[in-house]
Number of protein chains: 2
Amino acid sequence: MNPILSTHKVRAFESISHFDISTDVLVCGYGGAGAAAALEAVTLGAKVTILERASAGGGSTALSSCEMYLGGSGGTALQKELGLEDSTENMLAYLREALGPYGDEDKMRCYAQGAAGHFDWVESLGVPYKRAAFLERTVVPLSDESLLFTGNEKAHPFNTIAKPVPRGHVPSKVGDEGGKIFMDAIMQRIAGAGAEVINDCRAIALLVDKNNRVCGVIAKRDNREIAIRATRGVVLATGGFVMNDTMTRQYMPELLEYCVPYGNTFDMGDGIQLGQAVGGQTINMEQAFMSFPLYPPAKLTYGILLNKHGQRYINEDAYLARLAHYSCQQAEQKFYLLVQEEDFEASHYLQRAAIVATGDSIAEVASEAPFPAGILEQTVSYFNQHASNKQDPLFHKTAEWLKPLNKPPFALLEYSASEMTAVIMPGTKGPLIFTLGGLKTLTTGEVVNLDNEIISGLYAAGRATAGLPRTAKGYASGMSVGDATFFGRLAGRSAAKHLPI
Amino acid sequence: MNPILSTHKVRAFESISHFDISTDVLVCGYGGAGAAAALEAVTLGAKVTILERASAGGGSTALSSCEMYLGGSGGTALQKELGLEDSTENMLAYLREALGPYGDEDKMRCYAQGAAGHFDWVESLGVPYKRAAFLERTVVPLSDESLLFTGNEKAHPFNTIAKPVPRGHVPSKVGDEGGKIFMDAIMQRIAGAGAEVINDCRAIALLVDKNNRVCGVIAKRDNREIAIRATRGVVLATGGFVMNDTMTRQYMPELLEYCVPYGNTFDMGDGIQLGQAVGGQTINMEQAFMSFPLYPPAKLTYGILLNKHGQRYINEDAYLARLAHYSCQQAEQKFYLLVQEEDFEASHYLQRAAIVATGDSIAEVASEAPFPAGILEQTVSYFNQHASNKQDPLFHKTAEWLKPLNKPPFALLEYSASEMTAVIMPGTKGPLIFTLGGLKTLTTGEVVNLDNEIISGLYAAGRATAGLPRTAKGYASGMSVGDATFFGRLAGRSAAKHLPI
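Note that this is a predicted model, so its numbers are computed, not measured.

*Asks:* How would you explain the overall build of chain A if you had to name every residue and give the values?
*Replies:* What chain A contains, in helices and strands, is 14 helices and 23 strands. For 501 residues, the compact-globule estimate of 2.2 N^0.38 gives 23 Å, and chain A sits close to it at 24 Å. Summarising its shape, the C-alpha atoms of chain A cover approximately 80 × 50 × 35 Å along the three principal directions. Expressed as a percentage of the 501 residues in chain A, the buried residues total 64%. Long-range contacts, defined as pairs at least 24 residues apart, comprise 74% of the intrachain contacts of chain A with a sequence gap of at least 6. As displayed, chain A has an accessible area near 16500 Å², and 51% of this comes from carbon and sulfur atoms. When the 44 positive and 53 negative side-chain charges of chain A are each reduced to one mean point, those points stand 5 Å apart.

Below is the structure:
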C-alpha cells in the first residue's frame, strides 16, 4: 500500500478486522451504469450490494430523457419495424467521424455490434417504446414517439460519410420522462432479484490486499465509516465530475469561460478519484458535453450564426453540442443569430437571447449591430446569393434549412456566454452538462493502471470512465446513457465472473 | 508500496541491500532545468549526482536558442541599460493575459518578481549578453543582439492590456547558438563545483521508504540496474513527452492531426511517468507548444491569413504559436496566405508553402483559388477598404503591418497541415515542439499528489512539470527555458535544504 498516492482513499484490506457487510459484487453508484452492472451481476447469480450517495437511485440517467444512441446489425427492432435499415458498418462509420482521433476503436466496434441487442434488453425490462418516429429537428420529442435523429447524421460532413439513420431511442411517454421510466423499470427488476441497495452511503476508500487486488471499500454511512468486503469485485459507477469545482477548474479551465456546470449534484468525481488512488489511469479529462441550445424551435435553424466578427462559422443545422464546440473555438465568446421574423420563436431552453438589433433591411440591422461596419451586409449578401440556389458553399448547411434572408423585418439575437441563460438552469453561461473523461477501461469494464495493466477486482462504467463519447464536437444525444448502460452491463458481467478471493 | 500503481516504476527502499551510489541530491536529466537545480544544490553544499539519458548534457535547452522571457522589477540589467523600463505588474498583466485560465497565479507572480534577478544569475555564469536590441519581427536574431520581442506584446489584444516591452533575452553570438553557449557555461560551473555527472544513464524506478519518502532511484547503466540513494531528494528534470508516441496519442490526439512531433529525442516523458508512479498529479497534459512558422521573413505579415472558407481568422502579426493555435481551431486544416509580390520572400523555416494561385487581380487569383466563388473578393475588398486607413476592424492587426493588397501581382500560398514541411524537420505537418503538461509542482519544485499533498523527497522542474507556460495560444519564446532554469534553481535549493534521511 502506498499512501503517497492518497492518504485517504486507499486502505490495506488486511488492516480491516471487521466487515459490516460482505458481498460478491459491490456497485458504487445507482444511476444507469450502476443499475445495468448490478442487474447483470445478480442475474449471473452473484450477491450484489449497491451503494448510492443520494437518498434514492436514479443518478444522472433519471434526470435525462434516457435517449440511447442505438442501431447497427441491420437495425434495432424499433428501426426495423419502422422500415429503417442500419448496418453495423454504417453506424461505425458515423461513430468514427463523430469521435475522430479521440475514439476508442475497441469500444466503438463493440458498441456498434451490440447496440441492437442492447435495445432488446432494455425493452425486455418493460420500458415502453412506441413504433413511431419523430423526425423533426429537436432534442427530445415532447410527444410519445420513440425514435429520432439525435446527432449530426443529416448535417455536413456526416451526411457525406454515412447514410443518415435516426438512432435516438427514447421511452414512449408524452413529455420528457424517459429517465424516470427506465430507472423505475430497472430498479424494480434489481429489487426483485434480491440485490441490496444502500442509499445515503458512499465509498470513500478502496481496500487493496497484499496481492494488489481490490477487495472492497470503506464507506460513509450515517456519519460513520463501515467496511464492506467484495469477494469478486468493485464496480465504480459514480458518474463524472462536472459538479466538482476543483476538478473542472483543473482539467477544463477554458471551458469554464464558456459554460457553467449544470449537472447532477452528485457528479463529484468520487469514483474517478478512488480509481486514481489505486493507480487507475485517467484520460480525456479536458472534454465535456456542453450545449448551445439554439433549438428548439427548429425554425431558428433558418437563421445564420455569426461570431463577433460578423462571420458565419458553422452549418447551423448541426447538433447543439457541435454548435457549442465550434462556438467555443471562436476568438471571443459572443455569438449572434440573424433571423427573419417568420422564422422567429422564443427558444424553448433559453430565458432570453437578447435582441440586440432589428430592422426592415439588413443595412438597418447592421447600423444597430455590434459588428464592424459593412461586414454584416457582406456576410448576408454572400449567404443569400447562394441560399436562393439552395446552396451553402461555405459550411454546407443542408438544403432543407437554406433560404435567403430577404423577408423583413429581421432581428439579431445575441447568445453570449455571459448572457446565455437556460430556463432549465440559473447559470449565466452555456450549460456544461457532464464530463467525458475518466478512468481508462477495457470493453470488459476492467480499469487499467499507468502501465495499461488490469487492476484486479476493479471495474468502472458510465461517466466515471472515458467511455464511448469523447467530445462535444461529435456528440449525439443518447451516446452517454447508451454507453453507460451498455458497458455497465459488461462491467457487471465481468465482475460477477471474476474468481472470488 | 502499491505496485497497482506501477509494477515497474516504484520499488521499496527497504528492499535494496546494496547502493552503487549514495548522494544528497539526485538530479535526473541534464538539460536547462537539471543543470540549474544541480548548480543551486551543489552551491548550497549538497553532494549532487546528475543522471543523463543521452551521452552528454544539454537536453532541449542546448537545442534551443536559449531565449529566456525576462523582465519586471523595473527592468533587467539588459533592459535598463537599453533605456527600457519594465514593471513587475506590467509583466504580470502580460502573463495573465497570455496564460488566461490556465495560468498558475503563484508561479506567475514568483516568476515575474524574480525574473530580473534570474537574468543577473545567468549572466554571472559568464553567458554573454550584448547591450543591443533587435526589435524587428523575428523568432531569434541571427545577428548578435541580445534583446527582442518574442511574443504577442505588440499584437492585439495584448497591446491593449500591457505596455509592450521586449523580454526575450538571448546570449550574444552571430547565428543561433544560445543554447550551446548557456549549457556549456553552466555545465562548466557544475563540473568545477564537483557534482558527479553520469551520462548514458537513466532512472527507471523511484525508491520509496516505509514513510513514503522518495529516497533514491533504480537506474539503468551499461545495460544493468544500479541502485542510487539520495538522502535529501530526487529532482526530476527529464523534459516533456513530445517524442513519446503513446503519450501524445493518449493526451493530445487532436493536435496530432495538425502537427508532428519535432523535439528532443529524449523527451520521452520518463520523469512524468516516474512521478505518476508514486502518485504525482499531472495537469495540462493536452497542451503543447506548436508553431505556424509564417515568419521570418517578417514582411509576409503584410499578407492576410485565410481559412479554407476564405475568411480571415487572426491578426497576422501575432506570435507563431498563437497563429498555430488559432489555425488549429479552424474547421479544417488548410490555411492560406494572400500576399503581393513586393512582400513575398521564401520562408526561412519552411521548405515550401505551395503557391496555389497567382494573378494580376484578386479576381484572377480567386479564379485559381480553392475557395468558394466570390468569397476571396469580399474578404480582400473589406480588408483593403480599412487597411488603407490603417485599420483592421475585424482582427486589429497593428497599423505597422497594415496596407491594402492592391499592388499586383498577387500570390496565394497554401500552408496546409498536410503540406507544411519545415526545413528544420522532415515532418509533413506543422511542428509540435514540446509539451506543456506534466507533474503538478509548487513554486518550491515540490511535487504534489492527488490530494495536493507534498510527496516528500520528490522535486521536479522544466517540461517534466506543468510550469509557467501552459498554452500555445499565449506562448512567447523564452517562457520555457526561462521557466525551466528559474524553477529548476528553486527545486535544487529546496532539495538541498531538505532534512536528510
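Having seen the model, we can carry on.
*Asks:* Please set out the side chain of D270 of chain B residue by residue, giving values where relevant.
*Replies:* All names here are of chain B. Within the element layout of this structure, D270 appears in helix α10 (residues 270-277). The exposure class of D270 is buried, given its relative accessible area of 14%. A distance of 3.5 Å separates a polar atom in the side chain of D270 from a polar atom in the side chain of R202. Apart from the residues lying within four places of it in its own chain, the contact partners of D270 are R53, R202 and T238.

*Asks:* Break down the domain arrangement of chain A for me, citing the residues and quoting the values.
*Replies:* All names here are of chain A. As far as domains go, chain A holds domain 1 (10-62 + 178-287 + 434-496), domain 2 (68-175) and domain 3 (298-416). Look at where the C-alpha atoms of domain 1 and domain 2 centre, and you get two points 25 Å apart. With 36 residues of domain 1 at the contact, the number on the domain 2 side is 30 residues. Surface buried jointly by domain 1 and domain 2 totals about 2600 Å² across both partners, of which 70% is contributed by carbon and sulfur atoms. Looking at the side of domain 1 facing domain 2, the largest losses of area belong to I181, L468 and F486, adding up to 21% of the total buried there.

*Asks:* Break down empty space enclosed by the protein for me, with residues and values.
*Replies:* This structure, assessed with the given rule, holds eight cavities of 30 Å³ or more. Approximately 250 Å³ is the volume found for the largest cavity. Surrounding the largest cavity, 21 residues form its lining, Q311, I375, Q378 and T379 of chain A together with T379 of chain B being those nearest its centre. Those elements that provide at least two residues to the lining of the largest cavity are α13 (375-387) of chain A together with α13 (375-387) of chain B. At six residues, the largest contribution of residues to the lining of the largest cavity is made by α13 of chain B. Grouping the amino acids of the lining of the largest cavity by side-chain chemistry returns nine nonpolar, nine polar and three charged.

*Asks:* Outline the sheet that holds strand β5 (residues 147-148) of chain B, listing residues and values.
*Replies:* As summarised here, the arrangement of the three strands in space is β4-β6-β5 (chain B), forming an open sheet in which the pairing is antiparallel. Sheet topology places β4 (68-69) and β5 of chain B at the edges, where each strand pairs with a single neighbour.

*Asks:* Give me the interface of chain B and chain A: which residues, what numbers.
*Replies:* With 50 residues of chain B at the contact, the number on the chain A side is 50 residues. Interface area for chain B against chain A, summed over the two sides, is near 4600 Å², with a carbon-plus-sulfur share of 51%. We note a salt bridge from D451 of chain B to K9 of chain A, for which the minimum N-O separation is 2.7 Å. Counting across the interface, chain B meets chain A through 20 residue pairs in polar contact (both at pLDDT 80 or more). Listed by contribution, the elements that provide at least two residues to the side of chain B that touches chain A are α8 (245-251), α10, β12 (282-283), α11 (320-329) and α13 of chain B.

*Asks:* Please set out the packing of helix α1 (residues 32-43) of chain A against helix α7 (residues 178-192) of chain A residue by residue, giving values where relevant.
*Replies:* Residues and elements named next belong to chain A. Running from N to C, α1 and α7 cross one another at 30°; their axes reach a closest spacing of 10 Å. One finds that α1 runs roughly parallel with respect to α7. Crossing of α1 over α7 shows left-handed handedness. Contacts from G32, A35, A36, A38 and L39 of α1 reach α7 at M183, I186, R189 and I190.

*Asks:* I'd like to hear about the relation of the copies chain B and chain A, residue by residue, with values.
*Replies:* Once turned by 180° and shifted 0.0 Å along the axis, chain B lies on chain A with an RMSD of 0.0 Å. The superposition operator between the copies reduces to a two-fold rotation axis. Of all interface residues in chain B, 100% are interface residues in chain A too; the two copies therefore contact each other through one and the same surface.

*Asks:* Go over the environment of A54 of chain A with me, naming the residues and quoting the values.
*Replies:* Residue and element names in this part refer to chain A. Among the structural elements, A54 can be located in the loop between β3 (48-51) and α2 (59-63). Assessed through its relative accessible area of 11%, A54 is described here as buried. Spatially, the C-alpha atom of A54 lies 38 Å from that of T88, the residues being 34 residues apart in sequence. Ignoring any residue separated from it by four or fewer positions in sequence, one finds A54 in contact with N199, D200 and F266.

*Asks:* Kindly report on helix α11 (residues 320-329) of chain A, identifying the contributing residues and their values.
*Replies:* Within α11 of chain A, 10 of the 10 residues are buried, which leaves the element mostly enclosed by the surrounding structure. Buried within α11 of chain A we find L320, A321, R322, L323, A324, H325, Y326, S327, C328 and Q329 of chain A.

*Asks:* Residue-level account of the packing of helix α5 (residues 105-124) of chain B against helix α14 (residues 479-497) of chain B, with values.
*Replies:* Each pair of packed helices can be described by the angle between their axes along with the distance between the axes. Residues and elements named next belong to chain B. At a minimum axis separation of 10 Å, α5 and α14 run at an interaxial angle of 90°. Considering the angle they form, α5 stands roughly perpendicular to α14. Along its contact with α5, which presents K107, C110, Y111, G114, A115, H118 and W121, the element α14 presents G482, D483, T485, F486, F487, R489 and L490. Its residues assigned to classes, the contact of α5 with α14 comprises seven nonpolar, four polar and three charged.

*Asks:* Could you give an account of α5 of chain B, naming the residues involved and the relevant values?
*Replies:* In an α-helix, one turn spans 3.6 residues; hence positions three or four apart end up facing the same way. All names here are of chain B. In a regular helix each residue adds 1.5 Å, so 20 residues correspond to 28 Å; α5 covers 28 Å between its end C-alpha atoms and thus fits that length. The principal kink in α5, of about 50°, is found at A115. K107, M108, Y111, A112, A115, A116, H118, F119, W121 and V122 are the residues of α5 that are buried. Taking the backbone nitrogen of D106 as reference, a side-chain oxygen 3.0 Å away marks D104 as the first, capping residue of α5.

*Asks:* Mind laying out the pairing of strand β10 (residues 224-236) of chain A, listing which residues take part and the relevant values?
*Replies:* Residues and elements named next belong to chain A. In this sheet, β10 lies alongside strand β2 (residues 21-28) in parallel orientation, the contact comprising seven bridges. Bridge assignment links V25 to a residue of β10, and that residue is G233. Sheet analysis places strand β9 (residues 214-221) next to β10, joined by six bridges and oriented antiparallel. Looking at β10, one finds that K220 is bridged to E225. Remark: two residues form the turn of the hairpin made by β9 and β10, two consecutive strands paired antiparallel; D222 in that turn has positive phi of roughly 45°. Pairing analysis gives three bridges linking β10 to strand β23 (residues 454-460), with the strands arranged parallel. What sits directly across from V234, in β23, is L458.

Reading guide: rules and limits
Each chain carries its own residue numbering, running from 1 in the written order of its sequence. Here every chain gets a letter starting at A, and every ligand a number starting at 1, in the order they are written. Predicted model: local features are reported for residues with pLDDT of at least 70 only, side-chain atom pairs are reported and counted for 80 or more only, and whole-chain, interface and lining totals are derived from all residues. Water and hydrogen atoms were dropped before computing side-chain values, which therefore reflect all heavy atoms in the structure. Think of it this way: any DSSP run of H or I at least four residues long counts as a helix, any run of E at least two long counts as a strand, and we number them from the N terminus. It is over C-alpha atoms that the radius of gyration is taken, and the globule rule equals 2.2 Å times the number of residues to the power 0.38. Any residue under 20% of the maximum accessible area for its type is buried, any over 50% is exposed, and the rest in between are partly exposed; the area is computed with a 1.4 Å probe on protein chains only. In this analysis, two residues are considered to be in contact whenever any of their non-hydrogen atoms come within 4.5 Å of each other. Computed by Shrake-Rupley with a 1.4 Å probe, the accessible areas treat only the displayed protein chains as cover when residues are assessed. Counted charges follow a simple rule, with Lys and Arg positive, Asp and Glu negative, and His plus the chain ends left uncounted. A charged residue contributes its charge at one atom only: NZ of Lys, CZ of Arg, CG of Asp or CD of Glu. Pairing of N or O atoms within 3.5 Å defines a polar contact, subject to two protein rules: one partner must be a possible hydrogen donor and the other a possible acceptor, and residues neighboring in sequence count only if both atoms are side-chain atoms. Either an automatic procedure or a domain database provided the assignment from which the domain bounds are taken. When two parts are brought into contact, each loses some accessible area as probed by a 1.4 Å sphere; the total of that loss over both is the buried area. Think of a 1 Å grid over just the protein atoms. A cavity is a set of points where a 1.4 Å probe fits yet cannot get out, a pocket is an open set with protein on both sides within 12 Å along at least five of seven lines, and lining residues have an atom within 4 Å of a point. Grid points are joined across faces, edges and corners, and a volume is the space filled by probe spheres set on the points. In the scheme used here, Gly and all other residues not listed as nonpolar or charged are polar, with Ala, Val, Leu, Ile, Met, Phe, Trp, Tyr, Cys and Pro taken as nonpolar and Asp, Glu, Lys and Arg as charged. By this definition, two strands are paired if DSSP reports at least two bridges between them. We define a salt bridge as a side-chain nitrogen of Lys or Arg found within 4 Å of a carboxyl oxygen belonging to Asp or Glu. The angle between two axes is taken between their N-to-C directions and runs from 0 to 180 degrees, where each axis is a line fitted to C-alpha atoms and a helix contributes only its stretch in contact. The labels follow the angle: roughly parallel below 35 degrees, roughly antiparallel above 145, roughly perpendicular from 65 to 115, and oblique for the rest. Rotating anticlockwise by less than a right angle from the far helix to the near helix defines a left-handed crossing, while the corresponding clockwise rotation defines a right-handed one. The copies are overlaid by a least-squares fit using only the C-alpha atoms of residues whose pLDDT is at least 70 in both copies. Any helix carries an expected span of 1.5 Å times its number of residues minus one. The quantity called bend is, for any residue, the angle between two axes fitted respectively to the seven residues ending at it and the seven beginning at it.

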